[in-house]
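The chain contents come next:
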Amino acid sequence: MRLLRALGLTLVWTAIVTGCTSSADKNNAAKEKKAAEEKGSPPAQEATIFAAASTQEAVEAIVAEFERLNPDVKIHASFASSSTLAEQIGSGAPADLFLSASRQWADALAKKTLAADEYDLLGNQLVAIVPADATWEVGQPTDLAKDEIQHIAIGEPDSVPAGIYAKEALTKLDLWEPLRDRLVPGNDVRHALAMVEEGAVEAGIVYATDAAISDKVKVAFPFASELTEPIVYPLVLTKRGVKSSAARELYHFLQSTAAAKIFRQAGFRVQQKTGVQ
């Protein structure tokens, strides 16, 4: 009897403890859930934009404003030559948007059926630059052939948009062959700018917007717009990006009045959609 009574008491006690433990666990779980809900917002949405090197400062400022207005969204940005970025996307790099400095590389994505939507967002102008403290006179294209100008930085002429435009302009001016041995190709337009800033070359050919961000160079002269194909920056929403609400929202924000103001301050011409705020 004593053994049965002891066993019964043990079972009762176990049930009580188990019930209390279960109740305590439920209460703790509820408290933890409530604390988690009160602690903060849900995980941030993310999107990635690949953009031409010449747009870096403007795009970074626009992304910062977009994130301020959308605190639950995190935008990642990568900057390089449009050709490099297009090749990376074509090889599977996870880009939701692509801002190219030429139609050529936007078209490359379209041919691979990687583009969901596209809009010609920006325009630019080609200029010749020299170091800010240069003593040599350069005021027109033919001055690039002067003896004082032994090195001219440009973007890689077979792939970098700024280099392609530079080659086109110099060819139409009958200066490509005479200057060919003086040309120093850069990985992207910012590389060409840096060579002039550092005094490694006597002159360079970049976009007007690149010259505007540096106090170490000065514009020698602008190239006439008819010397090149229109310098247009297409904005591409990729097939990957169209699936992301954050990417779609950024795609439209880049076409907005707020973004246009930042692009214009950077010196770009802006093709803004009517009614996009």
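As shown above, the structure is provided for reference.
Residues numbered from 1 in each chain as written. Predicted model: local features only at pLDDT ≥ 70, side-chain atom pairs only at ≥ 80, totals over all residues. Heavy atoms only, no water.

Visitor: I'm lost on the pattern of salt bridges in this one. Help?
Guide: It is possible for side chains of opposite charge to pair when their charged atoms get near one another. As enumerated under the stated definition, the model contains 9 salt bridges in all. One salt bridge connects Glu57 with Arg190, and the closest N-O pair in it is separated by 2.7 Å. Taken together, the positions of Glu57 in helix H2 (residues 56-69) and Arg190 in helix H7 (residues 189-197) put the pair 133 residues apart, joining distant regions of the chain. A relative accessible area of 37% places Glu57 in the partly exposed class. Of the charged contacts in the structure, one is a salt bridge between Arg190 and Asp210, with a shortest N-O distance of 2.6 Å. In this pair, Arg190 is assigned in helix H7 and Asp210 in helix H8 (residues 208-212), connecting sequence segments 20 residues apart. Comparing Arg190 with Asp210 shows no difference in burial state: the two are buried. Overlapping salt bridges, with partners in common, bring together Glu57, Arg190 and Asp210 in one network. (Salt bridge = Lys/Arg side-chain N within 4 Å of Asp/Glu carboxyl O. Helix = DSSP H or I, 4+ residues; strand = E, 2+ residues; numbered from the N terminus. Buried < 20%, exposed > 50% of the residue type's maximum accessible area, 1.4 Å probe, protein only.)

Visitor: Teacher, can you tell me more about helix H3 (residues 82-90) here?
Guide: Restricting attention to buried positions, one finds in H3 the residues Ser82, Ser83, Leu85, Ala86 and Ile89. The buried residues of H3 occupy an angular sector of 165 degrees when the element is viewed end-on, so they sit on one face. If you follow the buried residues of H3, they end up packed against strand E1 (45-52), strand E2 (73-80), strand E3 (97-99), helix H4 (103-111) and helix H5 (161-172). (Arc of directions from axis to C-beta. Contact = heavy atoms within 4.5 Å.)

Visitor: Help me understand the sheet that holds strand E10 (residues 232-238) in this model?
Guide: Strand pairing in a sheet relies on backbone hydrogen bonds. The paired strands run either parallel or antiparallel. Pairing within the open sheet is mixed, and its 6 strands lie in the order E2-E1-E3-E10-E4-E11. In this open sheet, the two strands that pair with only one neighbour each are E2 and strand E11 (269-270). Here E1 pairs with E2 via 8 bridges, running parallel. Within E2, the residue paired with Ala52 across the bridge is Ala80. (Pairing = 2+ DSSP bridges.)

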